[in-house]
Each structure stands twice: as structure tokens, then as C-alpha cells.
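# Fold and geometry: a report
If you want the building blocks of each chain, they are given just below.
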Amino acid sequence: MPDGYDLHTHSQRSDGTLSPHELVNRAAERGIHCLSLTDHDTLAGVGEAANRARKLAMSFIPGVEISTSWNDRTVHVLGLGVRTDDPGLTGGLEDLRRRRADRAVAMTRAFAAQGIDIEAALGTWTGETSPTRTHFARALVRAGYAKDHKRAFKRFLRPGRPGYIKATWAPLPDAIAWIRAAGGIAVLAHPQHYALTRTRRERLLGEFCAAGGGGIEVVTGNASAAQIRDNAACARRYGLAASVGSDFHGPAQHWNDLGRLPCLPRDLVPVWQHWNH
Ligand code: AMP
Ligand code: MN
Ligand code: MN
Ligand code: MN
């Protein structure tokens, strides 16, 4: 039986395809009893999701996935159980969304320089939502420049490709400090995504812990059994709490739908001990 926890999901407030309300409905239908919405660099969907979860008597943890820069790489840190009105956190996120908006403008220009006009396909951003590369991937697919997202990323949106614009995000220790000051726990997201050498990964984990990081995603969407074992070993070695999150972006990614994650290894301390479930 799955744990019934999913502490890493996205809505339309960043690059998910469901509204916060629809996301909570789907999670409930698929057996999740404790959900966190963790949109990229915004808390804009948390109020709507929390209201819906209350109606369905589901536990809801306010969350966010913060883009950070560490040694010239992008590292994602989840803030779980944060207060949504903390000025340090909301101010930091606002700055990140401005960087995202500036990058989106630069990306649109880079595409135009290639003769690819996707401006019209992109829609408009409010200051509260986060424009992401996923939006560009969808626009490229819609306009016929790529067959699917994966190919759009490969051909246009990865480092070294024509639509890639490098951005500097929040310094890793700053993001951790914002999360903690807002009463949350900082969790290193999808450790298997960073393609780090062993040495670099140990350095990342050491610095993450030294800065006050408290958890690591052990069970994540699309991770292999070997990667989950690896993440679990990191949790033990560094004394980090263990989290579970699909990184769900929408039903179209049917291979990563809600309610399908395996359980955490039983010897680990789950992050939800924090909230006394
Ligand atoms: P951004 O934070 O705007 O640079 O966009 C990162 C987002 O793009 C991630 O959260 C994923 O949802 C998505 N993404 C990154 N790499 C890929 C890929 N290779 N294929 C599909 N989606 C990707
Ligand atoms: Mn995403
Ligand atoms: Mn991520
Ligand atoms: Mn995510």
C-alpha cells in the first residue's frame, strides 16, 4: 500500500496543468490523504488548494519549490509547512519571479532571432505566477516545432541549445534561511536530477545541511529503485528527514500520476513527523 502522502506537486500557478482546486480533487480521488502544493517560486495557489482540501477533509501542507543556484548549477529546494505571509519568503519569491519574467522575455527574443515566433502562444503572466521553460516547451509543441516536451527540451531548452538563457537563482543558503524563518522545513528535491559526481554530491549535501536543510526527497516521481536506495542512504548518512513527492505536473504525464509512489523505507524519519500526523 502506498503511504498516501504526496509532498511535491504543481498547479497552473507555475508549470502544472490543473488548477489548485482540480489538483486537490484528483489527489483525493487517487488516495492521497496528505498533499503539498509546491509550485515553482510562488505560493499563489496555496490558498485555493488549502480551501479545497479542508472541504474534502484532506491534510494540506503549504509548500513551494524554490529555484536556487549552487556552484553554477540549478538546485531545487522544497519549502514544506511554510507560513505564506512571511515577508522574507514572499519577498525572496517575488524577486525570483521577476528573474523568471526577465528570462522569459530574453528567451522569446532568442527564439525570434531564430525565426521562431512563439510570443503569441505564450500567454500573459501575472506577477503572482511563474513563467517556466515548460511553458515554452508546450508553446513549441503547439506551434509544431517539436513533437513532445522531451524533444522540445532536448532541441531548444537545455543548456547549449538556442532557446536556453542562463539565469542566476537564489543562493542555496538564502533559500533555506527564508524557508526556516517562515517556519518550514527545507527539503532537497529530486536528488537524482542533478547529474553530480559523488564528490560534488557529498559537497552539496554537506553545504545543504550546514545551511539548515532538514530533509531530502527519497521517493520521487520517475526515480528508479536504485536511485531511491541511494537517496535513502543519503538521508541516513546526513541525518535528514525523508520526503515523498511525485513532482506531478498534470494528468497528461500518465506515467507519473498521483497516488502511485512506493512507500518510504520504514527505518527513515519521515518529514511529516514535523507536523504530528
Ligand atoms: P525552469 O525552472 O523554468 O528552468 O523549468 C524547469 C522545469 O522544466 C522543471 O520543473 C520541469 O518541470 C521541466 N523540465 C526540465 N527538464 C525537462 C525535460 N528534459 N523534459 C521535460 N520537462 C523538463
Ligand atoms: Mn516543473
Ligand atoms: Mn524541480
Ligand atoms: Mn517540481
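Scroll up to find the structure.
Residues numbered from 1 in each chain as written. Chains lettered and ligands numbered in written order. Predicted model: local features only at pLDDT ≥ 70, side-chain atom pairs only at ≥ 80, totals over all residues. Heavy atoms only, no water.

Turning next to helix 6 (residues 149-157). Every buried residue of helix 6 is listed here: Ala152, Phe156 and Leu157. Down the axis of helix 6, the smallest arc covering the buried residues is 65 degrees, so these residues share one side. Turned more than 90 degrees off the buried face of helix 6, the exposed positions are Lys150 and Lys154. Buried-residue contacts for helix 6 involve helix 3 (87-113) and helix 5 (133-142). (Buried < 20%, exposed > 50% of the residue type's maximum accessible area, 1.4 Å probe, protein only. Helix = DSSP H or I, 4+ residues; strand = E, 2+ residues; numbered from the N terminus. Arc of directions from axis to C-beta. Contact = heavy atoms within 4.5 Å.)

What surrounds ligand 1 is the set Asp15, His40, Arg100, Arg103, Thr132, Arg133, Thr134, Phe153 and His249. Within the side chain of histidine 40, one N or O atom sits 2.9 Å away from an oxygen atom of ligand 1. In the environment of ligand 1, an oxygen atom lies 2.5 Å from a nitrogen or oxygen atom belonging to the side chain of arginine 103. If ligand 1 stood free it would expose 500 Å²; the protein chains cover 76% of that surface. Listing elements by their share of the shell around ligand 1, those giving two or more residues are helix 3 and helix 5. Looking at the shell around ligand 1, its residues break down into one nonpolar, four polar and four charged. (Near = heavy atom within 4 Å. Polar contact = N/O pair within 3.5 Å; in protein donor to acceptor, adjacent residues only side chain to side chain. Areas by Shrake-Rupley, 256 points an atom, 1.4 Å probe, with all protein chains shown as cover. Nonpolar A, V, L, I, M, F, W, Y, C, P; charged D, E, K, R; others polar.)

Let's shift gears to the coordination of the manganese ion (ligand 2). Around the manganese ion (ligand 2), the donor atoms from the protein are Asp15 (OD), His40 (NE2) and His249 (NE2), and they sit 2.2 to 2.3 Å away. Sequence spacing of the donors to the manganese ion (ligand 2): D-x24-H-x208-H. Between the manganese ion (ligand 2) and the manganese ion (ligand 3) the interatomic distance comes to 5.5 Å. Placement of aspartate 15 in the loop between strand 1 (5-6) and helix 1 (20-29) and of histidine 249 in the segment after strand 8 (241-245) is noted, with a sequence separation of 234 residues between them. In terms of burial, aspartate 15 and histidine 249 fall into one category: buried. (Donors = N, O, S within 2.8 Å, 3.2 Å for Na, K, Ca; no water.)

Burial of strand 3 (residues 59-70) is extensive: 10 of the 12 residues sit out of reach of the surface. Relative to strand 3, strand 2 (residues 34-37) runs parallel, the two sharing four bridges. Its bridge partner lying in strand 3, serine 36 is registered against isoleucine 61. Bridge count between strand 3 and strand 4 (residues 73-80): eight bridges; the pairing is antiparallel. Following the sheet pairing, threonine 68 is matched in strand 4 by valine 75. In this antiparallel pair of consecutive strands, strand 3 and strand 4, the connection spans two residues, and asparagine 71 shows a positive phi of 50 degrees. Sheet topology places strand 3 next to strand 5 (residues 170-171); two bridges connect them, and they run parallel. When the sheet's bridge partners are listed, serine 69 is paired in strand 5 with proline 171. (Pairing = 2+ DSSP bridges.)

To continue, consider the coordination of the manganese ion (ligand 4). For the manganese ion (ligand 4), the full set of protein donor atoms is His8 (NE2), His10 (NE2), Glu65 (OE) and Asp247 (OD), and the range of their distances to it is 2.1 to 2.2 Å. For the manganese ion (ligand 4), all donor residues lie on one chain, and their spacing in sequence is H-x1-H-x54-E-x181-D. Separating the manganese ion (ligand 4) from the manganese ion (ligand 2) is a gap of 4.5 Å. Taken as a pair, histidine 8 in the loop between strand 1 and helix 1 and glutamate 65 in strand 3 lie far apart in primary sequence, 57 residues in all. Across the pair, exposure class does not vary: histidine 8 and glutamate 65 are buried alike.

What follows concerns the side chain of threonine 220. As for its placement among the helices and strands, threonine 220 is situated in strand 7 (residues 215-220). Threonine 220 has contacts with His190, Pro191, Gln192, Gly245 and Leu261, leaving out every residue within four places of it along the chain.

With that settled, the discussion passes to the side chain of threonine 9. Position of threonine 9 among the secondary structure elements: in the loop between strand 1 and helix 1. The class for threonine 9 is buried, based on a relative accessible area of 0%. Separated by 2.8 Å, the side chain of threonine 9 and the backbone oxygen of serine 36 make a polar contact.

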